[in-house]
Amino acid sequence: MIANDLAKLINVGDASSASQSCGPTRRSLLKGMPLTGLVLYVGLPGIGSAAEQPQKYGGDAMPHGVIDNPKVYVSIAPDGTVSIVVNRSEMGQGVRTSLPKIVADELEADWKRVKVVQAPGDEPKYGNQDTDGSRSTRHWFDPMRRCGASARTMLERAAAAKWKVPVDEVHARHHEVIHQPSGRRLGYGALALAAAKLDVPEAATLKLKDPKQYRYIGKNDAFLTDGKAIATGTAQFGIDTRLPGMVYAVVARPPVLGGKVKSFDASDALKVPGVLKVFALEGAPPPSEFQPIGGIVVVGKDTWAAVKGRSLLKIEWDDGVHGSYDSDSFRKELEAAVSKPGGKEVRNEGDVYAALAKAAKRIEANYYVPHYAHASMEPPVATARISGGKCEVWAPTQAPQAAVDRLAKRLNLSPENITVNVTLLGGGFGRKSKCDFVLEAALVSKELGGTPVKVTWTREDDLQHDYFHTVTAQHLEAGIDASGKVTAWLHRSAEPTIVSIFAPDPKHLAPFELGLGLTNMPYAIPNVRMENPEATAHTRIGWLRSVNNIQHAFATQSFVAELAQAQGKDHRDLLLELLGPDRQIDPTSIGEKWNHGESPQRYPIDTGRLRGVIERATKEASWGRKLPKGHGQGLAAHYSFVTYIAAVVEVVIDAKGEIVIPRVDVAVDCGAQINPDRIRSQIEGACVMGLSQALVSEVTFKQGRPQQTNFHQFEFLRMNGAPQKIVVHLMPSSNYDAPLGGVGEPGVPVMAPALMNAIQAAVGKRIRQLPLREQLSSPA
């Protein structure tokens, strides 16, 4: 997909929307909108650069790129306090610890004298700030190293000038600069002013530290910048924002995609003590991108009054064309689509259909994955005020620049007059990179004449109006020859695309979605074909932690286990056999053009590394040992976000079908580890999330409406259902110059297939539909 194609995603269909009268049109809202926020597309050939310019990758290809200027990120007070700015959003992954520690290490700063400062939304100054795609450390490790090394070099040069000695005689050590021959030393505070006046050194002249000298990078340290504040309840999340004179608001939103208000009666709502005002908020018709979907706003002196008033509204809705959306019926449509040839060809090598026709054995299976909600612990919330021609917002956003750009457009203000203050996020998982909730707060403040207002989403709002993970039906077939070799692999996947929030009625997955575990399948099979039949979106579709990898890994890794069982082979042995010889695959050679936005030369698909995590996980789990009746082990391995991961899940199932998970072993190869403790924490959290999706989580629709309203219906694993032990095994690597992998998302996709493979091993029942729920108690 090229840049012009992406522009078409925004503008196609404007003519058809011109006759609609329900508020702003797609053209008025989206025409000319910067592509900030569409960052999943970055890295496709031609996107983000003119055709005649060299292709950019990684952080350089992101909107506004990367910036390593220490004058932007580092300041030193006269008392020696070092302030380090972090440009990414903190939602539990530890980025407000990891990135500043990279700077501090190269700076030779004493961490006890470091203060972490959160950047507002300002990508022209700070570089790309989108905290999505498991990219923060991957893209910013090298720039932050250079930033710290530059600041250290400037301090050394300032000291050398003060002492009138050669600069190679002075060295920074633990928050001071020392003149080696004389023993003279100066603290950073004493040198800060002079150092700040110096030019920033050229990157090519910097001398980065030998990793053997690292104080913080790669060390097992459980410290978190915000740990104490979170533990003591003093941390400031989005929902904690308080401003003088602030009022509170909630919104009754259309329950169906594209729905709108036909009429409303607010008379009872206005009788509630504390309710101040009720008014209609115009929404954008689909595809509405990150724009609010509209509804009726209730403003109160406190949240309780606003929520109570909303409950008394009498609203007549026009559901529109998606009012008939039904999950069960749509599942049948998707399954019918994948049951026959004719879908869009997205990868083709050899002749699959011919190989299947002459195979000694032919195996096929169908898999289904439902919609999921993000359901972060802190629902969407934002506070805004407009005063003197300026708008200031406080929000737990993953993409502050996306909010700045859209606020400027909606409020008709210049970006310089928009300030988006990034608070801590009580979870994000991709939901809070869509800034509809931020825009709502600003638009409500505008309606109130600039009064500061907090717009709160209840849990019901969150689950009913999410950007849902897409629903998927998949069909896989394999041909096996007389010697037991897999000679053909056919994979069809039908799933509504994320592009549906940007373009009117797209029918196929975008390249980045295909590259999330489908077209980048690395097995050494001579005949491979992948097809993507048409699928229509009937609700807002968005990226959820690990995105399409969830369903693609579930189907692929379950199917490999089924192939092993059909041949009486050990699952691990067949998986390693399918990988073939250790090799580095150029993703473009198998039709995978996206490659997570990374260079195919710098980030090839390395089957040796995938083999390594499989062998490590199975070794640590004592794979293949004799287990009692009702016990089983399941394996899954996957490559996503340029990280290699394998998991072995052990289950115990009693006669009633109750499941206990005694242990999960996870092997991770993400390259060199910057903050090992946070990597383990991320994988542990991903384990629980992935197992929740496998066992209990789902969103279903009837009459266009999500049927789950709170955690009694959209479930997560409780403590008694979570694994009793999760052991994370980090593959050793000390090469900090080699490419890094992502960490936040890769742990999710392997959990469901590993669990279902374990269930098959324990009780002989194959589960092909998520979530599990009562399937163990039904006939095999």
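Up top is the structure.
Calculation rules
- Residues numbered from 1 in each chain as written.
- Predicted model: local features only at pLDDT ≥ 70, side-chain atom pairs only at ≥ 80, totals over all residues.
- Heavy atoms only, no water.
- Phe/Tyr/Trp six-rings, centres within 6.5 Å; stacked < 30°, edge-to-face > 60°.
- Helix = DSSP H or I, 4+ residues; strand = E, 2+ residues; numbered from the N terminus.
- Buried < 20%, exposed > 50% of the residue type's maximum accessible area, 1.4 Å probe, protein only.
- Lys NZ or Arg CZ within 6 Å of the ring centre and 35° of its normal.
- Expected span 1.5 Å × (residues − 1).
- Pairing = 2+ DSSP bridges.

Novice: So what exactly am I meant to see when it comes to the packing of aromatic side chains here?
Specialist: Two measures describe an aromatic ring pair: the distance that separates the ring centres and the angle between the ring planes. Under the definition given, this model contains 18 aromatic pairs. On the numbers, 5.5 Å between centres and 75° between planes, the contact of W489 with F559 is edge-to-face. With a gap of 70 residues between them, W489 in strand β19 (residues 486-494) and F559 in helix α18 (residues 549-567) connect regions that are remote in the sequence. One exposure class covers both W489 and F559, and it is buried. With a centroid separation of 4.6 Å and 35° between ring planes, the pair formed by Y639 and Y644 is classed as tilted. Judged by relative accessible area, Y644 falls into the buried class, the value being 2%. The ring of W457 has R253 sitting right over it, with the charged end atom 3.7 Å from the ring centre. Lying over the aromatic face of Y467, R540 brings its terminal NZ or CZ to 3.9 Å of the ring centre.

Novice: I keep staring at helix α14 (residues 400-411) and nothing clicks. Help me out?
Specialist: Side chains three or four residues apart in an α-helix point the same way, a direct result of the helix having 3.6 residues per turn. The terminal C-alpha atoms of α14, which comprises 12 residues, lie 16 Å apart, in line with the 16 Å expected from a rise of 1.5 Å per residue. For α14, a buried count of 11 out of 12 residues is recorded, marking the element as mostly surrounded by other parts of the structure. Within the sequence span of α14, burial applies to P400, Q401, A402, A403, V404, D405, R406, L407, A408, R410 and L411. Two residues or fewer after α14 comes N412, characterised by a positive phi angle close to 55°.

Novice: Looking at this structure, how should I read helix α15 (residues 436-447)?
Specialist: Taking 1.5 Å per residue as the helical rise, α15 with its 12 residues ought to reach 16 Å, and the 16 Å between its terminal C-alpha atoms agrees with that figure. α15 sits mainly inside the fold: 10 of its 12 residues count as buried. Buried within α15 are the following residues: D436, F437, V438, L439, E440, A441, A442, L443, V444 and S445. Just downstream of α15 lies G449, where phi reads positive at about 75°.

Novice: Can you walk me through the pairing of strand β5 (residues 176-179) in this structure?
Specialist: Look at any regular strand and the pattern is simple: side chains alternate between the two faces of the sheet. Here strand β4 (residues 170-173) runs beside β5; their pairing, made up of 4 bridges, is antiparallel. Residue A172 lies in a different strand from β5, and its bridge partner there is V177. Joining the antiparallel neighbours β4 and β5 is a turn of 2 residues, in which H174 adopts a positive phi near 45°. Judged from the 3 bridges that link them, β5 and strand β6 (residues 185-187) form a sheet pairing that is antiparallel. In the sheet register, E176 faces β6, and the bridge partner there is G187. Between β5 and the antiparallel strand that follows it, β6, lie 5 residues; G183 among them carries a positive phi value of about 80°.

Purely geometric stuff here, so don't read any function into it on its own.
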